[in-house]
Each structure stands twice: as structure tokens, then as C-alpha cells.
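# Report on the structure
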Amino acid sequence: ILQRIKSLFYYSRNSKPYNNQTHINRFCNMILYLQVVLFYSVIVLAQLKYSHGIVNANISSLYWGIYMMLFALAIFAKRLIYDVVNAILFTSQQTREWRISYFFTMQLSGFLLFPLVLAILIMPNVPHRVYTVYLTVTALICLLMLISRCRKLIFMQKNGFLDIILYLCTLEILPIAVLLKAINELNE
């Protein structure tokens, strides 16, 4: 994973930033996606317990299962949306490299969220502000990685930052907002 992170930033002139050393097979990818889904659902469930005071174990496990299905569906939908949009806008090589970069960033977010999930499970009385700050920092790190790869892979012209912002707002921030709205409606 460290070699793969290094290849995202260090090998900028290399047209193919992933070598055989950093290849992760499909089974390992599925485990990493499952880890991300699990961590996201634990974080949302902790937020639900914190804000609404739900302590019933039966209700919690039902919500946890619903959140896991919702996040798994969101990852699958993101894969389809990115593939369709990128196939229209960019070359097949750019689409493939962006898909690998994007989903690696998503898998990396699972590793970044591990301390937060561990804190939620072990120390449930930690102030909510700590959780919020940690989530914000993790989201910013992932967003900066996406912007960096987007600039190197897709929008290589000099003033492409507006294109990057529009691209990521449309394909990243808007689906997250819809997902958060669905979670809020489910909680209501």
C-alpha cells in the first residue's frame, strides 16, 4: 500500500503509475471494499446513537445491516457512474487509471478510518467533536489525493482547476450529499 501511495505522487512522469509490485487481486480488493463499507456503517451507526440516543440492540443491528447494504450499493453505483462518464469524456487509458486511482483512494480511506472506528467501538464516550474533526481531516486527505490524481491524469492543461472542481462536485460530492440525505430520511 505504501508503494502504491508513493506511485500516486512520486512517479508523475510514468504513464502507468502502478507496477506489478503494487498489484492487488480482485479478492483483496473485495476485502478492502468490505472494510470500507463496514467502517462507514459503524461511523454512521455511532452518529445515530450519539444524536438520537438509540440503545436497543435489535434496532441497532437492523440499522447497521441497512447501512452496510446502502454503502455497498453506493460503491457499486459509483463504479458504474464513473465508468460511464469517463468513457464518454476521456480515453480508455485515462478511464482505467482514474478508476484504479479513485478506488485505491477509497480503500485507503478505510485504513485512515480505522483509528476512528476503533475509538467508536472501544471508547464510546469520546466527545463528538473529536469524531467530527477526524472525519473532516480524513475527507480532506482523500479529496486532495483525488484532486492531485485528477490533475495529473485527466485535466493536464494549465488552468484545469475549474474543470476538476466541477468534475468532482458532480461525481463525488453530489452523490455523497444524496447518500447523506438518504441516511437522514432513514433516521427520521
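What counts, and at which threshold
Residues numbered from 1 in each chain as written. Predicted model: local features only at pLDDT ≥ 70, side-chain atom pairs only at ≥ 80, totals over all residues. Heavy atoms only, no water. 1 Å grid on protein atoms, 1.4 Å probe; cavity = no way out; pocket = protein on both sides within 12 Å on 5 of 7 lines; lining within 4 Å. Points joined across faces, edges and corners; volume = space filled by probe spheres on them. Helix = DSSP H or I, 4+ residues; strand = E, 2+ residues; numbered from the N terminus. Nonpolar A, V, L, I, M, F, W, Y, C, P; charged D, E, K, R; others polar. Phe/Tyr/Trp six-rings, centres within 6.5 Å; stacked < 30°, edge-to-face > 60°. Core = buried A, V, L, I, M, F, W, Y, C linked by side-chain atoms within 4.5 Å. Buried < 20%, exposed > 50% of the residue type's maximum accessible area, 1.4 Å probe, protein only. Contact = heavy atoms within 4.5 Å.

## Some words on the layout of surface pockets
If you add up the space inside the largest pocket, you get close to 1200 Å³. Among the elements of the structure, α2 (26–52), α3 (57–89), α4 (92–122), α5 (128–153) and α6 (161–187) are those that each provide at least two residues to the lining of the largest pocket. At eleven residues, α5 tops the list of elements feeding residues into the lining of the largest pocket. Here the lining of the largest pocket is built from residues that sort into 26 nonpolar, eleven polar and three charged.

## Comments concerning the packing of aromatic side chains
For the structure shown, the criterion picks out five aromatic pairs. Seen in terms of ring centroids, Y102 and F103 are 5.0 Å apart; in terms of plane orientation they differ by 85°. Their pairing is edge-to-face. Chaining the aromatic ring pairs together yields one cluster made of Y33, Y82, Y102 and F103.

## A word on the nonpolar core
Among the nonpolar cores identified, the biggest contains 24 residues, and Y67, F71, Y82, W98, Y102 and Y167 are the most heavily contacted of them. The residues contacting Y82, other than those within four sequence positions of it, are A87, W98, Y102, Y167, L168, L171 and E172. Counting residues in hydrophobic clusters, the runner-up holds eleven residues, among them A46, L113, V126 and Y131.

Scope: geometric values only; no functional claims are made or implied.
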